[in-house]
Amino acid sequence: MRGELSTGALKAAGSLGLALLAMSFLEQGNGRWLLAAGVLVLATNLFNLLDLRPGRASKAFVLLGAGLTIGAWEVRPLWGLGLFVGPALIAGVYDLRERAMLGDTGANLLGALAGLWLVLTLSGTGQLIALALLVIVTVYGELRSISTLVERTPGLRELDSWGRPS
């Protein structure tokens, strides 16, 4: 707003550049390439928004991954993600137990992995739906508090607190 480049703007530009580069290796048409990059960027940002409580981003990642794997009846996308998923989950356990913190870097990694998992698993229509949902949740998170929503919703509140030290 003051005419200066913020760290958030740098992070957004860097995420977009990396997403465009990463998605170019999938050899898709321009529309699918942009769609995949959009899913990847918004998932990365969303997981950063989720990472306001210990373990929240990791739980979202596990739930999303389980849903994608069960829904697709395919574990093949894990071959591309496997090298990163294990360490990310171990870091997530430490984050959940409040022994370490994911921070922006860890949450961005989980979000990028989640976005890649979405892209590798979903069809073009599925990616459009995912993109729409990511836009809705991201806009909500920017205008309102996701934490307040979680705290007001009984099922989400219980899931959010599960596994944390009392």
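Peer 1: Explain the pattern of salt bridges to me, and be specific about the residues and the numbers.
Peer 2: The tally for this structure, following the rule as stated, stands at 3 salt bridges. The partner of Arg 53 in a salt bridge is Glu 151, and the shortest N-O contact between them spans 3.2 Å. Pair noted here: Arg 53 is in the loop between helix H2 (30-50) and helix H3 (56-72) and Glu 151 is in helix H7 (residues 146-152), with a separation of 98 residues, a long-range link. Classification of Arg 53 by relative accessible area gives partly exposed; the value is 31%. Residue Glu 151 is classed as partly exposed on the basis of its relative accessible area of 40%. Connected via shared salt-bridge partners are Arg 56, Asp 160 and Arg 164.

Peer 1: Can you tell me about the environment of Gly 55, naming the residues and giving the values?
Peer 2: Residue placement: Gly 55 occurs in the loop between H2 and H3. Look at Gly 55 and you get buried, because its relative accessible area is 1%. Once residues lying within four places of it in the same chain are set aside, the contact partners of Gly 55 are Asp 95 and Leu 96.

Peer 1: Could you give an account of the side chain of Ser 58, naming the residues involved and the relevant values?
Peer 2: By the secondary structure assignment, Ser 58 is in helix H3. Note on Ser 58: relative accessible area 8%, which makes it buried.

Peer 1: Please provide a residue-by-residue account of the nonpolar core, values included.
Peer 2: Counting residues in hydrophobic clusters, the biggest one holds 31 residues, and the most contacted among them are Phe 61, Leu 110 and Leu 134. Put simply, the parts of the chain that give this core at least two residues each are helix H1 (7-24), H2, H3, helix H4 (76-96), helix H5 (103-121), helix H6 (124-143) and H7. Per-element tally for this core: the top contributor is H2, with 12 residues. With residues near it in sequence (within four places) discarded, Phe 61 still touches Phe 47, Val 85, Leu 89, Leu 110, Leu 113, Ala 114 and Trp 117.

Peer 1: Outline a nonpolar patch on the surface, listing residues and values.
Peer 2: A surface patch of nonpolar side chains, about 310 Å² in accessible area, is lined by Leu 63, Leu 149, Leu 156 and Leu 159. With relative accessibility at 39%, the residue Leu 156 sits in the partly exposed group.

Peer 1: Explain the packing of H2 against H5 residue by residue, including any values.
Peer 2: Direction vectors running N to C along H2 and H5 enclose 145°, while the axes themselves pass 7 Å from each other. Crossing geometry of H2 relative to H5 is assigned as right-handed. Of the residues in H5, those in contact with Ala 36, Val 39, Leu 40, Ala 43, Thr 44, Phe 47 and Asn 48 of H2 are Asp 104, Ala 107, Asn 108, Leu 110, Gly 111, Ala 112, Ala 114, Gly 115, Leu 116, Leu 118 and Val 119. For the contact of H2 with H5, the residue count by class is 12 nonpolar, 5 polar and 1 charged.

Peer 1: Got a sec to walk through H4? Specific residues and values, please.
Peer 2: An ideal rise of 1.5 Å per residue puts 30 Å on 21 residues; H4 measures up with 28 Å between its terminal C-alpha atoms. Helix geometry: H4 is bent most strongly at Gly 82, by close to 70°. Residues of H4 that are buried: Pro 77, Leu 81, Val 85, Ala 88, Gly 92, Asp 95 and Leu 96. Packing partners of the buried residues in H4 comprise H3 and H5. In the segment just after H4, Glu 98 is the residue with positive phi, at about 60°.

Parameters and conventions
Residues numbered from 1 in each chain as written. Predicted model: local features only at pLDDT ≥ 70, side-chain atom pairs only at ≥ 80, totals over all residues. Heavy atoms only, no water. Salt bridge = Lys/Arg side-chain N within 4 Å of Asp/Glu carboxyl O. Helix = DSSP H or I, 4+ residues; strand = E, 2+ residues; numbered from the N terminus. Buried < 20%, exposed > 50% of the residue type's maximum accessible area, 1.4 Å probe, protein only. Contact = heavy atoms within 4.5 Å. Core = buried A, V, L, I, M, F, W, Y, C linked by side-chain atoms within 4.5 Å. Patch = residues over 30% accessible without salt bridge, like charges linked within 9 Å, V, L, I, M, F, W, Y side chains within 5 Å. Areas by Shrake-Rupley, 256 points an atom, 1.4 Å probe, with all protein chains shown as cover. Axes fitted to C-alpha atoms, helices over the stretch in contact; angles between N-to-C directions. Left-handed = near helix turned anticlockwise from the far one by under 90°. Nonpolar A, V, L, I, M, F, W, Y, C, P; charged D, E, K, R; others polar. Expected span 1.5 Å × (residues − 1). Bend = angle between axes of the 7 residues up to and from the residue.

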